[in-house]
Number of protein chains: 2
Amino acid sequence: MAQADDARCLAAAAALAERARPLASPNPGVGAIILADGVVIGRGWTQEGGRPHAEAMALQQAGEAARGAALYVTLEPCAHRSPRGPACADLVAEAGLARVIIGMRDPDPRTAGSGLDLLEQAGLIVTEAGLSSEELGLSGHMAQLQLGRPHVTLKLAMSLDGCIAMAGGESQWITGEAARAHAHRERARADAILIGGETLRADNPRLDVRLPGLALRSPRRMVLTRSDAPDGWTAINSPAGIATLDDVRYLFIEGGSGAAAAFLAHDLVDRLLIYRAPMLIGGGRASIGDIGLGDLASAHDRWRLDDTRQLAQDRLEIFNRRR
Amino acid sequence: MAQADDARCLAAAAALAERARPLASPNPGVGAIILADGVVIGRGWTQEGGRPHAEAMALQQAGEAARGAALYVTLEPCAHRSPRGPACADLVAEAGLARVIIGMRDPDPRTAGSGLDLLEQAGLIVTEAGLSSEELGLSGHMAQLQLGRPHVTLKLAMSLDGCIAMAGGESQWITGEAARAHAHRERARADAILIGGETLRADNPRLDVRLPGLALRSPRRMVLTRSDAPDGWTAINSPAGIATLDDVRYLFIEGGSGAAAAFLAHDLVDRLLIYRAPMLIGGGRASIGDIGLGDLASAHDRWRLDDTRQLAQDRLEIFNRRR
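Quick notes on the rules
Residues numbered from 1 in each chain as written. Chains lettered and ligands numbered in written order. Predicted model: local features only at pLDDT ≥ 70, side-chain atom pairs only at ≥ 80, totals over all residues. Heavy atoms only, no water. Buried < 20%, exposed > 50% of the residue type's maximum accessible area, 1.4 Å probe, protein only. Helix = DSSP H or I, 4+ residues; strand = E, 2+ residues; numbered from the N terminus. Contact = heavy atoms within 4.5 Å. Core = buried A, V, L, I, M, F, W, Y, C linked by side-chain atoms within 4.5 Å. Pairing = 2+ DSSP bridges. Axes fitted to C-alpha atoms, helices over the stretch in contact; angles between N-to-C directions. UniProt positions renumbered as here; feature names shortened; annotations may be inferred.

## Some remarks on helix H9 (residues 257-265) of chain A
Note that an α-helix has 3.6 residues per turn; residues three or four places apart therefore point the same way.
All names here are of chain A.
Reasoning step 1: Taken together, the buried positions of H9 are Ala259, Ala260, Ala261, Ala262, Phe263 and Leu264.
Reasoning step 2: Considering only its buried residues, H9 is in contact with strand S6 (151-159), strand S8 (192-196), strand S9 (220-224), strand S10 (234-236), strand S11 (250-255) and strand S14 (303-311).
Reasoning step 3: Within two residues after H9, Asp267 carries a phi angle of roughly 50 degrees, on the positive side.

## Looking at the nonpolar core
Reasoning step 1: With 39 residues, the main nonpolar core has A:Leu194, A:Leu251, A:Phe263 and A:Leu272 as its most contacted residues.
Reasoning step 2: Secondary-structure elements contributing two or more residues to this core are S6, S8, S9, S11, H9 and strand S12 (271-277) of chain A.
Reasoning step 3: Broken down by element, the residue count for this core peaks at 6 residues, all from H9(A).
Reasoning step 4: For A:Phe263, the contacting residues outside a window of four places in its chain are A:Val152, A:Leu194, A:Leu224, A:Ile236, A:Pro239, A:Ile242, A:Leu251, A:Ile253, A:Leu268 and A:Val269.
Reasoning step 5: Residues B:Val152, B:Leu154, B:Ile274 and B:Phe319 belong to the second largest nonpolar core, which totals 38 residues.

## A short note on the pairing of S11(A)
Residue and element names in this part refer to chain A.
Reasoning step 1: Within S11, 6 of the 6 residues are buried, leaving the element largely enclosed by the surrounding structure.
Reasoning step 2: Both S6 and S11 contribute to a ladder of 4 bridges, which runs parallel. From the neighbouring strand, His151 faces S11, where its bridge partner is Tyr250.

## Some thoughts on the environment of A:Val269
All names here are of chain A.
Reasoning step 1: Here Val269 lies in the loop between H9 and S12.
Reasoning step 2: Along the backbone, Val269 and Thr153 are 116 residues apart, and their C-alpha atoms lie at a distance of 6.1 Å.
Reasoning step 3: What Val269 contacts, discounting residues up to four positions off in sequence, is Val152, Leu154, Phe263, Leu264, Trp303, Arg321 and Arg323.

## A few points about the sheet that holds S10(A)
Residue and element names in this part refer to chain A.
Reasoning step 1: Sheet architecture is open: 8 strands sit in the order S10-S9-S8-S11-S6-S12-S15-S14, paired in mixed fashion. Two strands lie at the open edges of the sheet, namely S10 and S14, each paired on one side alone. Taken pair by pair, the neighbouring strands of this sheet meet at an average axis angle of 25 degrees, ignoring direction.
Reasoning step 2: Strands in contact with helix H7 (residues 177-188) are S6, S8, S11, S12, S14 and strand S15 (314-321); relative to S12, the strand with the most contacts, it is inclined by about 165 degrees.

## A short note on the UniProt feature "active site" (unreviewed entry) in chain A
All names here are of chain A.
Reasoning step 1: Cross-referencing UniProt, the feature "active site" (unreviewed entry) maps to Glu55 in the present numbering.
Reasoning step 2: Note on placement: Glu55 falls in helix H2 (residues 54-62).
Reasoning step 3: Assessed through its relative accessible area of 3%, Glu55 is described here as buried.
Reasoning step 4: Setting aside residues up to four positions removed in sequence, Glu55 forms contacts with Ala32, Leu71, Val73, Leu75, Pro77, Cys78, Cys88 and Val92.

Shown next as structure tokens:
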């Protein structure tokens, strides 16, 4: 099969992986598709709590038809045999597949290439697509393994002139319903949401996911503060404190400008979600406080626009930190 | 010919009209195309100083071939006979054209439908496309006739968080070369450029057009100030003062935040050019000062995104005021 088709099948597997987010925690959300003669005969994604894995689910669907077929999986099949279940590389090898195409290697030291070795020793043809963790929906997994902290998204909802509120504080509403619904969906994709202490005291926001069918996905609530957190909230007293959150893959920062600035000043933001309403406020509250920028030159080349879409009258832009 | 083709030919005429801007002053910049059997046999645009008109130029090119052909012209041919030249409606009628398709009627009281009457009386088939002045490059002409003032563009070059400079004032450079060259081209399309008194004192900018071949297009320089203007500058002491500028069709406001706010507070901005660099400044200088906004609700539904383009790493968005 041509490389273009491989890319399409991996993209389909990545779309399945999205279903696992964030429910698969503490395991990474992985997606898998099994193809025989151009027909999808099995689909899987990491199940709630992390098991079964995507490969196991897809193989179970495919059954005997898996013999000679091709498996597309976003992440290298695991090689570690655990009390919770068999290693996926073993399962895949036993199923008699002809080919395995993976999105990327798993840097988890328990696998880290040994999943591929196991498959090749079993006689399978293994292809690595070498896609990015963003493309594969694995950025949270990679952040924890490579940076020792969650993947951090900062959300900003602003006017064209970069204000998140009028000078007096009025902020309801700058963006419209479609943009706010999109932001709720983004909340549902996070393990935890964080706001600044000042925002908590001023607004005491619920930060739940108010979308039909997704209410149970409301993430853990965190506040950046040196004081104690109120009931139902977890406090961290510095942005660097997120390194202790090893059960959080995706952290979503909702503001305000002080919390946003604190994380940016520590270079602890990986992704920006900017919702912009086609309005001017003029002399309103800035979206981001002082981030300790030394000069303009050092502000360049840090952000890459990776996606943009119209949400009714508003515009969403998604930037990722260049690293 | 189908309506879609009419629209394409008018768009081509509008592209020719762009050559007339701003050199055609005090006349509107008009474009014209003559089509015979699907072949362009004449093209014209208003010449420097306003004469010859676009129709006269296109008719001269077409010569005898104009008999039975179709004329596409962005604005209704003028009906006023002046010492500077014949009325275009007379010229068009005498040329033996079969059809005339106009972009819009000319509200100039010396024409205002009488150009069309003259053509119909001469037996031509006349079609009005009813396009907008923005589509036809006639917004300056319309602003002067309908609002009694120039068409006003406000340019903003900012970071993603809406800052036009760091807190200390450093602003070179936020946007890159491609965006700055585009802004110079926009200067060349204006009759006059305006900045605030504070910006003049702080930066004393040249505001010339630093593009090869366009240096002579550098527009008149104006400053919003209650003091006297220095040599080479014209002072206006309030945004409402632009009503006296009846020889200016297109006014280009370059900043700073005070001048921008003053014009916005008077609802005297028709078009926003926002150049955004993919950087965050954090705690920098806001792009727009206080515009006297009463509540968020009244800030909605004022701006329509009409065009957007990538300029190397930067993004340009063009908004027009909904009226």
